[in-house]
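# A look at the structure
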2 protein chains.
Amino acid sequence: MDQKLHRLKEILTEISDLRYSSAVLGWDQQTYMPPGGAEARGNQLALLHRLAHEMSTTSEMGKLLDDLKPFAATLDPDSDDARLVKVTARAYEKATRVPTKYVVEFAQATTLGQQAWMEARAASNFSIFQPHLEKIVALRQEYASYFPNFEHPYDALLDDYEPGMKTAEVKEIFDGLRPKQVELIKAIASKPKVDDSFLHRPFDEKKQWDFGVEIISQFGYDWNRGREDKAAHPFTIEFGINDVRITTRVDPSFLNSMLFGTMHECGHALYGLGATPELERTGLEGGASLGVHESQSRLWENLVGRSMPMWEHFYPRLQEVFPQLSGISLDKFYKGINKVQPSFIRVEADEATYNLHIMLRLEIEIAMLEGKVAVKDLPALWNAKMKEYLGVTPPNDAKGVLQDIHWSSGMIGYFPTYALGNLISAQLWEKINQEIPDLPVQIRSGKFDALLGWLRNNIHRHGAKFEPQELVQKITGSKIDPAAYVSYLTRKFGEIYGL
Amino acid sequence: MDQKLHRLKEILTEISDLRYSSAVLGWDQQTYMPPGGAEARGNQLALLHRLAHEMSTTSEMGKLLDDLKPFAATLDPDSDDARLVKVTARAYEKATRVPTKYVVEFAQATTLGQQAWMEARAASNFSIFQPHLEKIVALRQEYASYFPNFEHPYDALLDDYEPGMKTAEVKEIFDGLRPKQVELIKAIASKPKVDDSFLHRPFDEKKQWDFGVEIISQFGYDWNRGREDKAAHPFTIEFGINDVRITTRVDPSFLNSMLFGTMHECGHALYGLGATPELERTGLEGGASLGVHESQSRLWENLVGRSMPMWEHFYPRLQEVFPQLSGISLDKFYKGINKVQPSFIRVEADEATYNLHIMLRLEIEIAMLEGKVAVKDLPALWNAKMKEYLGVTPPNDAKGVLQDIHWSSGMIGYFPTYALGNLISAQLWEKINQEIPDLPVQIRSGKFDALLGWLRNNIHRHGAKFEPQELVQKITGSKIDPAAYVSYLTRKFGEIYGL
């Protein structure tokens, strides 16, 4: 068995190296590649993806896994080796159930879909995108049909991003959350608006960049094992557990983009840098799920980054860098960066309204997949739900149903992970504050090492060994639950808005 | 046959995409990669190289080539398809003659060799490097032994960089050149020294960078299909024929590094960007040889970049950017950038002395490969030849026999390509000036399009279709010959030094 396990790891090492190679090409594509390089880069990435897929689905791999499964069952179920066999077998089974013909058709449909979506958004004309989305939805339904063991077709999609998570669970979580968030937003709307005009002023780009670097250096981001570059759509990317890079964007006339975007990506990166070396190049060194990953980015961006202790420490320094803030009190600054304002665009949403953007998308995705809503009716449905949940109606489809790239890339089932990340971050935050009772004091004095140590020990080091529900249960004693997030929002915004 | 040719091209496309993927990883390694990423990057590159090697040496490839060779013989020998079969078959035969065991051993020896060389150079202690170089020389002798058809063992090595070139030819060329260059340098040494102290002053780094960009933009470098980044050891790299990037370094207290380094790399890049699209992803879109590549970089760096017409155009602008040059006349500037000064370091050598650095290395390489000189005797031999050819003796081995990385990487046979590039550049320059008689006038008014057009049409578009001697013969009517270079040097430095 040792030999078979060794051979399995050998294959996984190569798959991992190929995937990291693709990641380097993808990073360059989004940061430095000149426009002329686009076509060739598409070919290069397609080849590396195909090779990685081929290596992951050989009959040798299937045979090894079949032989190793009974052996793994004799091991401690939480051991690296048992988990390795389990996670690899899962991925193998998913990958081999889908016919190559489907994979090719899906790649073509989403390539065309992304082009059509870009045009449609630029023209704010949904009908350009409609036939493509119809095709993509049909293909995602077909994909789900290859996994008849799932209760609900949406389960098969969700499972690609949140291993083991069921649609019914997500629905239940969100059903508990929705009325409370809607109620909170209504209460906030009845109060006087917060002034954040001082954040919408010119801020020197270089100084913004340097300040972001200063913050995340203090958070514990290791510049020997990462770097930061500019990108139009910021992201974090891993080339191994010792090279995890972030990207950010700087808005010269709004401080928040750089400030909270940088902390957000740093949160992702700290997760990637924290996997235990034993998991390197096994495919298990990545995060447990997109939702758990998002819990890390949101924790640093919001629970830490938009907190009062954070700015008790950093605000004097920020005022030093930007003397134009010298007339703005800490309290006014804190309220400004936490302003609640229902708006059209998800990626610009504040903490109190963000999840409602997700719920709307989740409901539409499930209905599309069940065939209960036709693609042509999406714009009207979108606007109706925006009115119902957020009290606003998008002026056009570009700021409504066409705002996100996800569906055009076939990523149906992805959105809920953002909201799950928010919920998990609050659950973790409660636990962390129990275990590190003086955490606010530490943050107030710019110390983040105990926090990072806790996250490393409880989350980061495990990589993808555990499913998200398992991991949250292990750490907090309960599964993913909206109570902590609701109580966090209510307390925080109750204070800010005097509810 | 059409089907077989199609299949061959299909395989070559994948090999090409894999090689370009490696190139992206290599570029990042030398420009942006944080130190922590080094180990993983080594693994990733090793895998991509191995996969490309495997794809290049399959029995399917061998069979296809065997079947296609008689067919190719019926085609116009200069047609793309005939050349494709010829060049691919050559590469296949070279790659399959070398046992995998050798490839692995060579990779290990050169990895260790490079580490030892870095230590040895830092300590200026040849004995640290000596056993590694002994091993590498023995391995290169073994490599040559796999090609018994070559007349001379050095032929097999040279042929990897200059396809079709023979040691005897290179020796003959250099034997004709050496006495004339030595004589010229002696004549220059008897004259008063040129003052270039004004180039060794502080020059703002950002302004230097921008000036380099300005020059190569005017040369015709296409920023939509390339970019420039900083690197400790500047290089040019291709990720396809529409993404050819350069790197440069900026010395804050010496203008020449950035100025001529940038033009040099631009010359390489213009070659890479100029291949005809039909050759893309065939393996024939690269240059004909390292020597021909170097002819392009040297042509833009020296024949254009260190010429009087160039600075008649650019010098007023340079003075505008750097007002500290306002007291320096054009004539004084021109002489300064063309100062001849025998020195220890090849990469810092001027046009008149450069080739002598190469000849010394070539003679040592041949003698090592023939077993006529022992590695332990290299430092003394090096210093004796430096004295003989350049009249100077290195103060230590770091500035002598240990200065170049090449041998530690197993690159024996590479050095002559630099000198061949110089010779070819002068031959081309004569021909170009015959065909574009007003070229100096064009350059004086900042026009480079006719020159670039000529290079594209005569050299760039052919990619690697022709062997270097063939190509030079086609264009100039004679093979590589030192006469043009000697006459160029004599005329130019005769004027500058009043010989």
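Numbering of residues starts from 1 in every chain and runs along the sequence as written. By the order in which they are written, chains take letters starting at A while ligands take numbers starting at 1. Given that this is a predicted model, residues contribute local features only at a pLDDT of at least 70 and side-chain atom pairs are listed and counted only at 80 or more, while totals for whole chains, interfaces and linings are drawn from all residues. Only heavy atoms go into the side-chain values, all of them from the structure, while hydrogens and water stay out.

## What to know about the overall build of chain A
Across its full length, chain A carries 20 helices and three strands. Sorting the 499 residues of chain A into buried and exposed places 56% on the buried side. In summary, the charge assignment counts Lys and Arg as positive and Asp and Glu as negative, without counting His or the chain termini. Throughout, a charge is located at the NZ atom of Lys, the CZ atom of Arg, the CG atom of Asp or the CD atom of Glu. Counting 56 positive and 67 negative side-chain charges, chain A places the centres of these two groups 3 Å from one another. Strands are runs of DSSP state E lasting at least two residues, helices are runs of H or I lasting at least four, and both sets are numbered from the N terminus onward. Relative accessibility under 20% of the residue-type maximum defines a buried residue, over 50% an exposed one, and the middle range a partly exposed one, all with a 1.4 Å probe and only protein chains included.

## Details of the relation of the copies chain B and chain A
When chain B is fitted onto chain A, the two copies agree to an RMSD of 0.1 Å after a turn of 180° and an axial shift of 0.1 Å. Between the two chains, the operation in question is that of a two-fold axis. For this analysis, residues touch if any pair of their heavy atoms sits within 4.5 Å. The residues that chain B uses at the interface reappear at the interface of chain A in 100% of cases, marking a shared surface. Here the copies are matched by least squares. The fit uses the C-alpha atoms of residues with pLDDT of at least 70 in both.

## Observations regarding the sheet that holds strand S3 (residues 244–248) of chain A
What holds strands together in a sheet is hydrogen bonding between their backbones, with the strands either parallel or antiparallel. Residue and element names in this part refer to chain A. In this description, strands pair whenever DSSP reports at least two bridges between them. In spatial order, the strands read S1-S3-S2; together these three strands make up an open sheet with mixed pairing. The open sheet is flanked by strand S1 (228–230) and strand S2 (236–238), the only strands paired with a single partner. Shown here is a sheet whose adjacent strand axes are inclined to one another by a mean of 25°, direction ignored. Sheet analysis places S2 next to S3, joined by three bridges and oriented antiparallel. Bridge pairing links Ile237 to Arg245 in S3. For helices, the fitted axis covers only the stretch in contact; all axes are lines through C-alpha atoms, and the angles between them, taken along N-to-C directions, range from 0 to 180 degrees.

## Some words on unusual backbone geometry
Phi is positive for Ser124(A), which is not a glycine, with a value near 45°. In this structure, Ser124(A) sits in the loop between helix H5 (100–123) and helix H6 (126–145).

## Quick notes on the sheet that holds strand S1 (residues 228–230) of chain B
Residues and elements named next belong to chain B. The strand order across the open sheet formed by three strands is S1-S3-S2, and the pairing between neighbours is mixed. Of all strands in the sheet, those bounded by a partner on one side alone are S1 and strand S2 (236–238). Neighbour-to-neighbour, the strand axes of the sheet open up by a mean angle of 25°, direction not taken into account. Across three bridges, the pairing between S1 and strand S3 (residues 244–248) is parallel. The residue of S3 that forms the bridge with Lys230 is Thr248. Its contacts with the sheet put helix H10 (residues 255–273) on S1, S2 and S3, and the angle it makes with S3 is roughly 170°.

## Examining the side chain of Ser16(A)
Residues and elements named next belong to chain A. Here Ser16 is to be found in helix H1 (residues 2–31). For Ser16, a relative accessible area of 8% gives the class buried. In this view, Ser16 contacts Arg281 and Glu285; residues no more than four positions away in its chain are not counted.

## Things to note about the interface of chain B and chain A
Accessible area lost upon the coming together of the parts serves often as the stated size of an interface. Facing the 34 residues of chain B at the interface are 34 residues of chain A. By definition, the buried area sums, over both parts, the 1.4 Å-probe accessible area that each loses when the two are put together. Together, the buried faces of chain B and chain A total about 2700 Å²; carbon and sulfur atoms form 59% of this surface. Of all residues in chain B, Tyr32(B), Pro34(B) and Gln44(B) bury the most surface against chain A, accounting for 18% of the area lost on that side. Salt-bridge detection follows one rule: a side-chain nitrogen of Lys or Arg within 4 Å of a carboxyl oxygen of Asp or Glu. Where chain B touches chain A, the interface holds six salt bridges. We note a salt bridge from Arg50(A) to Glu14(B), for which the minimum N-O separation is 2.7 Å. N or O atoms closer than or at 3.5 Å make up a polar contact, with two conditions inside protein: a donor-capable atom paired with an acceptor-capable one, and, for residues adjacent in sequence, both atoms drawn from side chains. On the surface where chain B and chain A come into contact, there are 12 residue pairs in polar contact (both at pLDDT 80 or more). Put simply, the parts of the chain that give the side of chain B that touches chain A at least two residues each are helix H1 (2–31) and helix H2 (38–56) of chain B. The classification used treats Ala, Val, Leu, Ile, Met, Phe, Trp, Tyr, Cys and Pro as nonpolar, Asp, Glu, Lys and Arg as charged, and all other residues, Gly among them, as polar. Split by residue class, the side of chain B that touches chain A holds 16 nonpolar, eight polar and 10 charged.

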